Amino acid sequence: MIDQEMLPYLALLVGALTTYVSRFLGVLLAGRLKVESPLFEWLSCVTYALLAALIARMIIFPSGPLAEAPLFDRLAAATLALASFYLTRRNLLLGVAAGFATLVLVTWVRVSGSDLLAALQL
Amino acid sequence: MAARQGRSLFRDEHFWHGVQRGVGVPLIVLSASFLGFGALIRESNLQLIHGIVSTMTGWALPGQVALVELYAVGAPLAVIALAVWLTNARLLPMTVTLMPYFNEAGTPRWKLYIACHWIAVTGWAEAMRRFPAMPPEGRYPFFIGMSLVLWSSCILATGIGYYIAGLVPFHVSLGLVFLNPIYFMLVFASDLANRGRAMALLLGAVAGPALHVVVPDWSLLIAGLTAGTLGYLIGRRWP
């Protein structure tokens, strides 16, 4: 039997190997691929689409604690982040800050608002 | 050129240029995200060292989160392996599309097998945007400089996150987890100069969540292939 102490390390090793395999295969498969080739441009498009799909999924169908914030709040925060980003001539820090602040404030108002309502009804 | 090749990485101006690009907004956002990962480690009853080892050896946040969450519920190793591999499969095409930029400078293969360990969305997006205008021989040191800054600050943040877990209010920790997708979204929103890639981003953002409802496990790969191919074709037809 495997020592209980070693179990997390075994899982971490599996995680490290499966993560590195994708990167390793990437170097291997890139071979003599040229930047000016149609294949390179197609692969770039596929990669951009894949990452956009991942990001959209992280916002709309998050796993973990973010799932506890309502979808409306997440979408509102993402929209405000995009709006502030474009309105400030693409200032990344301001865009990210706007998204963060919106989500924190909206979820806070939601919870404290319902607390207030509950208190008023008492 | 011969003198240049013999120069150490730390004396290369491109290396320090990369370090400069890493420090700033990317560092703030990534570190904040890894604070969340450190907190997750503690909440999953794992030890500090497990979080540190994870960030050092398997640096790619979505896969790390999947690993910890599955481990915490006692999933078998084979399930963990498949889930982490699927979650991080995006790294394969990301690596393939970054390599040709290094090949233009004739960077030795063994160096690329090491450098690929640091390929992750933040550095990749920055590299894809800057490499075309950068002298080929400066790309490798730039990438290493930027990645080392980001990677080491993530390791540090994992540790800090472990210790501050439970100290910040719930709403703030929600906001911290939200930083990562929002930041990625804005990074790509600022990279829309190429028609094909811009269309691929837009279509992918729609296809990803839509397919997730139907085929959760394979949605990312299918969305990437279909939306990417469509975007590519649109870019070729209407450049």
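This is a predicted model, so every value here is computed, not measured. (Residues numbered from 1 in each chain as written. Chains lettered and ligands numbered in written order. Predicted model: local features only at pLDDT ≥ 70, side-chain atom pairs only at ≥ 80, totals over all residues. Heavy atoms only, no water.)

Observations regarding the domain arrangement of chain B
All names here are of chain B. For chain B, the assigned domains are domain 1 (2-191) and domain 2 (193-239). Taken together, the two surfaces of domain 1 and domain 2 that pack against each other cover about 530 Å², and 66% of this comes from carbon and sulfur. Its largest share of buried area at the contact with domain 2, domain 1 owes to Leu86, Phe188 and Asp191, together 67% of the area lost on that side. Across the domain 1-domain 2 interface, the total number found is zero salt bridges. At the boundary of domain 1 with domain 2, the tally comes to zero residue pairs in polar contact (both at pLDDT 80 or more). Taken together, the residues of the side of domain 1 that touches domain 2 break down into four nonpolar, no polar and one charged. (Domains from an automatic or database assignment. Buried area = accessible area lost by both parts, 1.4 Å probe. Salt bridge = Lys/Arg side-chain N within 4 Å of Asp/Glu carboxyl O. Polar contact = N/O pair within 3.5 Å; in protein donor to acceptor, adjacent residues only side chain to side chain. Nonpolar A, V, L, I, M, F, W, Y, C, P; charged D, E, K, R; others polar.)

Here's the deal with the packing of helix 3 (residues 25-43) of chain B against helix 11 (residues 170-189) of chain B
All names here are of chain B. Direction vectors running N to C along helix 3 and helix 11 enclose 135 degrees, while the axes themselves pass 7 Å from each other. By the criterion of interaxial angle, the relationship of helix 3 to helix 11 is oblique. Like other packed secondary-structure pairs, helix 3 and helix 11 cross with a definite hand, here left-handed. Contact with helix 3, carried on its side by Val25, Pro26, Val29, Leu30, Ala32, Ser33 and Leu35, involves Leu176, Leu179, Asn180 and Tyr183 of helix 11 and no other residues of that element. Grouping the constituent residues of the contact of helix 3 with helix 11 by class yields nine nonpolar, two polar and no charged. (Axes fitted to C-alpha atoms, helices over the stretch in contact; angles between N-to-C directions. Helix = DSSP H or I, 4+ residues; strand = E, 2+ residues; numbered from the N terminus. Parallel < 35°, antiparallel > 145°, perpendicular 65-115°, else oblique. Left-handed = near helix turned anticlockwise from the far one by under 90°. Contact = heavy atoms within 4.5 Å.)

A closer look at the interface of chain B and chain A
Contacts between chain B and chain A engage 91 residues on the former and 75 residues on the latter. Overall, the association of chain B and chain A removes approximately 7400 Å² of surface from exposure, summing both partners, and the carbon and sulfur fraction of that is 78%. Three residues, Tyr113(B), His171(B) and Phe178(B), lead the burial of chain B against chain A; their summed loss comes to 10% of the area buried on that side. For the pair chain B and chain A, the interface holds one salt bridge. As a salt-bridge pair, Glu41(A) and Arg197(B) come within 3.2 Å of each other at their nearest N and O atoms. Across the contact surface, chain B and chain A share 13 residue pairs in polar contact (both at pLDDT 80 or more). In terms of residue count, the dominant contributor to the side of chain B that touches chain A is helix 11 of chain B (19 residues). Along the lines of polarity and charge, the residues of the side of chain B that touches chain A split into 61 nonpolar, 23 polar and seven charged.

Re the confidence of the model for chain A
For chain A, the mean per-residue pLDDT works out to 91, and 98% of the residues sit at or above 70. Taken element by element, the predicted model of chain A shows its lowest mean pLDDT in helix 4 (residues 92-121) of chain A (89) and its highest in helix 3 (residues 71-87) of chain A (96). (pLDDT = per-residue confidence, 0-100.)

Considerations on the packing of aromatic side chains
This model, assessed by the stated rule, comprises 17 aromatic pairs over all chains. With a centroid separation of 6.2 Å and an interplanar angle of 80 degrees, the aromatic rings of Phe102(B) and Tyr140(B) are classed as edge-to-face. In this pair, Phe102(B) sits in helix 7 (residues 91-103) while Tyr140(B) sits in helix 10 (residues 136-164), placing the two residues 38 residues apart along the sequence. Residue Phe102(B) is classed as buried on the basis of its relative accessible area, which comes to 1%. One aromatic cluster is present, formed by Phe40(A), Tyr101(B), Phe102(B), Phe131(B), Tyr140(B), Phe142(B) and Phe143(B) through successive ring pairs. Lying across the ring of Tyr162(B), Arg42(B) places its NZ or CZ 4.9 Å from the centre. Over the ring of Trp238(B) we find Arg237(B); its NZ or CZ atom is 5.2 Å from the centre of that ring. (Phe/Tyr/Trp six-rings, centres within 6.5 Å; stacked < 30°, edge-to-face > 60°. Buried < 20%, exposed > 50% of the residue type's maximum accessible area, 1.4 Å probe, protein only. Lys NZ or Arg CZ within 6 Å of the ring centre and 35° of its normal.)

Here's the deal with the side chain of Ser22(A)
Topologically, Ser22(A) is positioned in helix 1 (residues 7-30). Here Ser22(A) falls in the buried class, since its relative accessible area comes to 0%. The residues contacting Ser22(A), other than those within four sequence positions of it, are Trp85(B), Asn88(B), Ala89(B), Leu91(B), Leu92(B) and Thr95(B).

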